[in-house]
Each structure stands twice: as C-alpha cells, then as structure tokens.
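# Analysis of the macromolecular model
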Amino acid sequence: MRELNVFIEINGRQIFVGQIVGEGYLDARFKYCKEYLTSSNAMPISISLQLQEEYFSASQTKNFFESLLPEGFSRKAVAEWMKTDENDYISILAVLGKECLGAIKIIEGDGDEQAAYVRLSEEKVKALAAEGATKSTEILIETHLSLTGATGKVGLYYNEAENAWYLPKGDAPSTHIVKQSHVRLKQIVINEQLCMKAAKRMGITVSDSFIICPDINADEELLYATARYDRVLSETDFIDGLQRPYRLHQEDFAQALGIFAAEKYEKNPSGYMARMFDLIRNNSSSPLEDQEALLRMIIFNYLIGNTDCHVKNFSLLYGKDLKSKRLAPAYDIVATRVYKTTPEMSFFIGGELDIEKINRNSFGKAASEIGISKNLVLRIFDEMANEIEKSIQAAGEELCNAGFMNAKGIGKAINEGVRRRL
Ligand SMILES: Nc1ncnc2c1ncn2[C@@H]1O[C@H](COP(=O)(O)OP(=O)(O)OP(=O)(O)O)[C@@H](O)[C@H]1O
Ligand SMILES: [Mg+2]
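Residues numbered from 1 in each chain as written. Chains lettered and ligands numbered in written order. Predicted model: local features only at pLDDT ≥ 70, side-chain atom pairs only at ≥ 80, totals over all residues. Heavy atoms only, no water.

On to the sheet that holds strand β1 (residues 2-10), then. Pairing is antiparallel in the open sheet, where four strands are placed in the order β3-β2-β1-β4. Two strands close off the open sheet at either side, each with one partner strand: β3 (29-32) and β4 (104-108). The sheet shows a mean angle of 30 degrees between the axes of neighbouring strands, direction not considered. Of the pairings in the sheet, the one linking β1 to β4 comprises five bridges and is antiparallel in character. Among the inter-strand pairings, F7 is bridged to a residue of β4, identified as K105. Its contacts with the sheet put helix α2 (residues 58-66) on β1, β2 (13-22), β3 and β4, and the angle it makes with β3 is roughly 85 degrees. Along the sheet, helix α4 (residues 89-96) contacts β1, β2 and β4; its crossing angle with β1, the most-contacted strand, is approximately 50 degrees. (Pairing = 2+ DSSP bridges. Helix = DSSP H or I, 4+ residues; strand = E, 2+ residues; numbered from the N terminus. Axes fitted to C-alpha atoms, helices over the stretch in contact; angles between N-to-C directions. Contact = heavy atoms within 4.5 Å.)

Put into structure tokens, the structure is as follows:
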C-alpha cells in the first residue's frame, strides 16, 4: 500500500491536507484528513475536490493530481529516467511533487530535504537551452519539480538584483518557469513573447515574461522565462540569503472542471466553452470582470491563430487563504497557425472547431451558450478586431528593436492569418 502525503502552503506554512492511498495508480484515492476538515479555515484544494470525509474516487483523484504532471514527451522522458510506466502518475508525483504548480506539495514518506538554492553558471543556463528535453528532464528530477504542459521546461529561481539563476533544491520554490525552444517549431520563443506583448497592449492581463538569450542570433539557444504569478517573494523569510517565494494556489480549468489532462482538447461537442464561463461565473470573486477577461483572452487566441488554447491553458488563481479565486493572468499564448499545425481549435466556438471557419458570427452564436449578451460579445469582438493588427505589429517592432530581428517576420505571418480570419 502506498501513501502520499498532500500539503498545501498557506502564508509560507505547510498544512497537511490529506493522503492519496492505494496499491498503485489504478486504485489511488485521495481523502482529506480529519484535522484539516475540522480546522476552522479549511478550504477545498480544488473546485472538483469539495470538502468531504469520504475518499474521492480513483478517477476524481487522477483528474486533479495527474494534471500536475508534465505531459507528452516530457512525461515520457521523466518516466524513462525513473524506469517507470508513464501512466503511473503516482510514482512520478512521488518523485516530482515537492514543487508543483500552485501551492500543493506531495511527499511519500518523510522526504524532509533541506530547502536550498544552487547558483547556475551562465554556461549551465546555456546548456539548459541547448540540450533540449533531456536536460530539462534531468533538472526536473534533481529539483523534484512537477510542471504540467508538453514543452521542455524547468522551474528556476531568478534573482533580478544580480541577474542570476538558481536551481531550487529540496522543497525550495521556483520563481520562474523557463521553457525551451522547440526543434520543429522555429522561433517559438520569439513567437510566444511577441504574442504576450501584443496581448498586454490590448489590455489583457498577462504573466510577465522575457527572453533569456545566451546568443541572440541562435534561435535554438533562446529560452522563454515567465515570472510565476503563483509565487510572491517574502520580505522577511530567506533561503540561502535569497528572498523565499511564498506559494499561492492555482488550478487549471481542466482540474477545476473534472476534465482529464488527456481530454484537454474538445473533440466532440461537450460544451467546454460554456463550462469555462460557468466556472468563472460560479467561482470567481469578481465574476463579471473575469468573464469579460476570459472572453477577451479567447477572442485574442482566435484572432492571432492560437489553436492550442485548451482548458489547461486557463487557470484560477487562489487568494492567500484560499477563500478567493480569480482568473489567472494569461499564459502560453503562441500563434500556432504560423506553423501550419492543425486548424482545429481546442474547443468549439459557436458549434465550429476549424479556426479558419470560425468567424464573428460564431462568437455571436456562442454568446447565449456562455451567458453573455450577444451585443456585448460582438462589441468586444469588433473592438479587438480593430486593434489586433496594430498590436501585433508594434509588439514585433518592440522585439526587433531589442535585437530579435526575426520578430518582424513572425509578426507579419501572424497578421496575414489575422486578415484571413477577419
Ligand atoms: N507565469 C506563470 N505563473 C504560474 N504558472 C504558470 C505560468 N505560466 C504557465 N504556468 C503554468 O504552467 C503550466 C505550463 O506552462 P505552459 O502552458 O506555458 O507550458 P506548455 O508546455 O507550453 O503547455 P502546452 O502543453 O499547453 O503546450 C501551465 O498550464 C500553467 O498552469
Ligand atoms: Mg500550456
């Protein structure tokens, strides 16, 4: 019988919330512990795991906890490294669960390793970029860190004052997620940074990001760094002389909606878009503002041609005491259509999945489904449609002026798609 202890960090303190118990990954089930349930401030760790005394089913357990793991090639590489079955999410979590997305920490046994930061030399940061997913896998294992998503990525600590990167050890939190370039999808780092900048110009709240460029001219050496919105530096608490990041909790829409990570793309009409808006309407501490923000994010993704805007690319960010929730800042926005990847969106919009067939009317049709008036949806659509080309162009120029000469070309390619769609 395996027992994984689940903790959540609140104001820098680890609170034991319960256990995942089972013979293996097929029958593992999560249960809140009595002490947590009876404590005065107990709050659910997920919208899909409301407080209850009974065990959750194996499927509910898998839905939330497996969703914390890396996906695709990264998951395969981690499993191979550990010599374990890649479906065995329990074994992988037992190794990587010390630093996850949000404030959850998972430990099998005592697992009390001292928190520490080890400075990375410039060469090491460069190696991280150059060595692809194998290197990031090695670092994931070394840092016991589980970051969902398919791209090779690591969580690192960045100390802005000295422009230095550190590897978190033990259960030390990371401050940034660092994503690698992609061998097949050229200039993806510049593409993502450009889209984030354009989104910001259009009033969308985005996570802060920048490009790490050991060699500005070598595309494969560029790294995309995003500051974690689920980490806040403490003014009084330090690890190895560095400000300790306190963890804020977050969960992605797939976790909150009870959708398996493997089903993050809506293949048959299952009302994903309506469910996303219901989720915000019923759970956000500022539902009106967040519904509009979500709508703007979706329209932006459509306009720039990001078909990879699945339900794990939207999250809820919890307040310090878990009592409030807001739509998290936008992240992982890449204009995927410039790579001639699938034209299928990640969810149906007004009954249509093919991004090249979706149009203004599709959003009009979607309005009743998502519970927002058609007039408002179309007004926001038109406003954004008027702004988009200028914003993409300006973001491209901004990056070009910073030395990323390819940005202009990417901006142009994105805008060709924008014009086609409008
Ligand atoms: N700035 C951020 N702060 C906190 N969490 C973040 C941030 N950016 C991304 N995340 C979280 O990390 C996860 C992985 O990041 P991201 O989506 O960018 O990776 P990816 O591998 O490109 O994903 P995908 O598999 O969708 O292509 C996200 O699902 C989100 O939960
Ligand atoms: Mg993603």
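Two elements in contact, helix α3 (residues 72-82) and α4, have axes separated by 11 Å at closest approach and are oriented at 85 degrees. As judged from the angle between their axes, α3 and α4 are roughly perpendicular. Taking contact as the criterion, the partners of R75, V78, A79 and M82 in α3 are, on α4, Y89, S91, I92, V95 and L96. Taken together, the residues of the contact of α3 with α4 break down into seven nonpolar, one polar and one charged. (Parallel < 35°, antiparallel > 145°, perpendicular 65-115°, else oblique. Nonpolar A, V, L, I, M, F, W, Y, C, P; charged D, E, K, R; others polar.)

Glancing now at the environment of I106. You can see I106 is positioned in strand β4. Sequence separation between I106 and I259 is 153 residues; the distance between their C-alpha atoms is 21 Å. Each residue touching I106, except ones within four places of it in the same chain, is listed here: L4, N5, V6, F65, L68, L93, G97 and K98.

The next subject is the coordination of the magnesium ion (ligand 2). Where a metal carries four tetrahedral donors, each ideal angle is 109.5 degrees; where it carries six octahedral donors, the ideal angles are 90 or 180 degrees. For the magnesium ion (ligand 2), the full set of protein donor atoms is N313 (OD1) and D332 (OD), and the range of their distances to it is 2.1 Å. With a gap of 19 residues between them, N313 in the loop between α10 (287-304) and β14 (315-318) and D332 in the loop between β15 (325-327) and β16 (344-349) connect regions that are remote in the sequence. (Donors = N, O, S within 2.8 Å, 3.2 Å for Na, K, Ca; no water.)

The subject of this paragraph is the packing of aromatic side chains. All chains considered together, the criterion is met by 17 aromatic pairs. Seen from their ring centres, F30 and F65 are 5.3 Å apart, and the 55 degrees between their planes marks the pair as tilted. On the criterion of sequence distance, the pair formed by F30 in strand β3 and F65 in helix α2 is long-range, its members being 35 residues apart. Classification of F65 by relative accessible area gives buried; the value is 0%. (Phe/Tyr/Trp six-rings, centres within 6.5 Å; stacked < 30°, edge-to-face > 60°. Buried < 20%, exposed > 50% of the residue type's maximum accessible area, 1.4 Å probe, protein only.)

A few words now on α3. One turn of an α-helix holds 3.6 residues; hence residues three or four places apart share an orientation. Every buried residue of α3 is accounted for by S74, R75, A77, V78 and A79. Just past α3, the residue K83 takes up positive phi, approximately 55 degrees.

With that settled, consider the pattern of salt bridges. Following the criterion strictly, the structure yields 32 salt bridges and no others. A salt bridge links E356 to R420, with the nearest nitrogen and oxygen atoms 3.1 Å apart. Residue E356 is found in the loop between β17 (352-354) and α11 (360-370), and its partner R420 is found in helix α13 (residues 407-421); the two are separated by 64 residues along the sequence. The class for R420 is exposed, based on a relative accessible area of 51%. Salt bridges linked by common partners bring E9, E99, R228, D230, R231 and R247 together as one network. (Salt bridge = Lys/Arg side-chain N within 4 Å of Asp/Glu carboxyl O.)

Moving on: the pairing of β1. Taking burial as the measure, the nine residues of β1 include seven buried ones, the bulk of the element. Direction of pairing for β1 relative to β2: antiparallel, over a ladder of nine bridges. Paired with R2 across the two strands is G22, which belongs to β2. The hairpin turn running from β1 into β2, its antiparallel successor, is two residues long, and N11 in that turn takes a positive phi close to 50 degrees.

Under the domain assignment used here, the protein chain contains domain 1 (2-108), domain 2 (116-247) and domain 3 (250-421). Computed from C-alpha coordinates alone, the two centres of domain 1 and domain 3 are separated by 28 Å. On the side of domain 3, 21 residues touch domain 1, which itself brings 21 residues to the contact. Considering only the surface of domain 1 that becomes buried against domain 3, I47, N63 and S67 emerge as the three largest contributors, covering 34% of it. A salt bridge links E71 to K264; the nearest nitrogen and oxygen atoms lie 2.8 Å apart. On the surface where domain 1 and domain 3 come into contact, there are ten residue pairs in polar contact (both at pLDDT 80 or more). In terms of residues, the side of domain 1 that touches domain 3 owes the most to one element, α2, which gives four residues. Partitioned by chemical class, the residues of the side of domain 1 that touches domain 3 number eleven nonpolar, eight polar and two charged. (Domains from an automatic or database assignment. Buried area = accessible area lost by both parts, 1.4 Å probe. Polar contact = N/O pair within 3.5 Å; in protein donor to acceptor, adjacent residues only side chain to side chain.)

Ordered by their spatial adjacency, six strands build an open sheet running β5-β7-β6-β8-β10-β9, and the pairing between neighbours is antiparallel. The sheet is open, and its two edges are formed by β5 (116-120) and β9 (209-212), each paired on a single side. Ignoring strand direction, the axes of neighbouring strands in this sheet form an average angle of 40 degrees. Bridging between β9 and strand β10 (residues 223-227) involves four bridges; their strand directions are antiparallel. Residue I211 lies in a different strand from β10, and its bridge partner there is Y224.

Glancing now at the nonpolar core. Ranked by size, the top nonpolar core spans 106 residues in total, and within it F30, I45, F65, F253, I298 and F300 carry the most contacts. Counting residues in hydrophobic clusters, the runner-up holds 13 residues, among them L128, I139, L156 and I212. (Core = buried A, V, L, I, M, F, W, Y, C linked by side-chain atoms within 4.5 Å.)

Next up on the list: the side chain of K105. Relative to the helices and strands, K105 is located in strand β4. Using a relative accessible area of 7% as the deciding quantity, one classes K105 as buried. In terms of polar contacts, K105 uses its side chain to reach the side chain of D171, at 2.5 Å. If near-sequence neighbours (up to four positions away) are discounted, K105 is found in contact with N5, V6, F7, Q14, G97, K98 and D171.

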